[in-house]
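Below, each chain spelled out in residue letters.
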Amino acid sequence: MPHFAPIARQKLIKALRSAGFEGPYSGGKHQYMVRGEVRLVIPNPHGGDISAALLSRILRQAGISREEWEQL
């Protein structure tokens, strides 16, 4: 579904849910999503899309490869 490119926050959340993450939950300064023992902090809403560089860091923390990401 999503290509590896800048993405809107809501589309990121939807894709992470399809990858097995639950949430987002409130916590401190940022919301987070959970899959098993992995707790993934997600960016706060802001005016623009989430950049490809930040998306890359999020996916690395989530344990999702680019190939897996593009097949969600």
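Residues numbered from 1 in each chain as written. Predicted model: local features only at pLDDT ≥ 70, side-chain atom pairs only at ≥ 80, totals over all residues. Heavy atoms only, no water.

(A) Layout of the nonpolar core. Counting residues in each nonpolar core, the largest one holds 17 residues, and the members touching the most others are L12, L16, F21, I64 and W69. Those elements that place two or more of their residues in this core are helix 1 (9-18) and helix 2 (52-62). Sequence-distant contacts of F21, that is, excluding residues within four places in its chain, are made with L16, M33, V34, R35, V38, L40, A62 and I64. (Core = buried A, V, L, I, M, F, W, Y, C linked by side-chain atoms within 4.5 Å. Buried < 20%, exposed > 50% of the residue type's maximum accessible area, 1.4 Å probe, protein only. Helix = DSSP H or I, 4+ residues; strand = E, 2+ residues; numbered from the N terminus. Contact = heavy atoms within 4.5 Å.)

(B) The arrangement of unusual backbone geometry in detail. Residue G23 is joined to P24 through a cis peptide bond whose omega torsion reads 10 degrees. As for its placement among the helices and strands, P24 is situated in strand 1 (residues 22-25).

(C) View of the sheet that holds strand 3 (residues 38-41). In spatial order, the strands read 1-2-3; together these 3 strands make up an open sheet with antiparallel pairing. The sheet terminates laterally at strand 1 and strand 3, the two strands that pair on one side only. Taken pair by pair, the neighbouring strands of this sheet meet at an average axis angle of 25 degrees, ignoring direction. Where strand 2 (residues 32-35) meets strand 3, 4 bridges bridge the pair, whose relative direction is antiparallel. Considered in strand 3, the bridge of Y32 is made with V41. The sheet strands contacting helix 2 are strand 2 and strand 3, and the helix crosses strand 3 at an angle near 165 degrees. (Pairing = 2+ DSSP bridges. Axes fitted to C-alpha atoms, helices over the stretch in contact; angles between N-to-C directions.)

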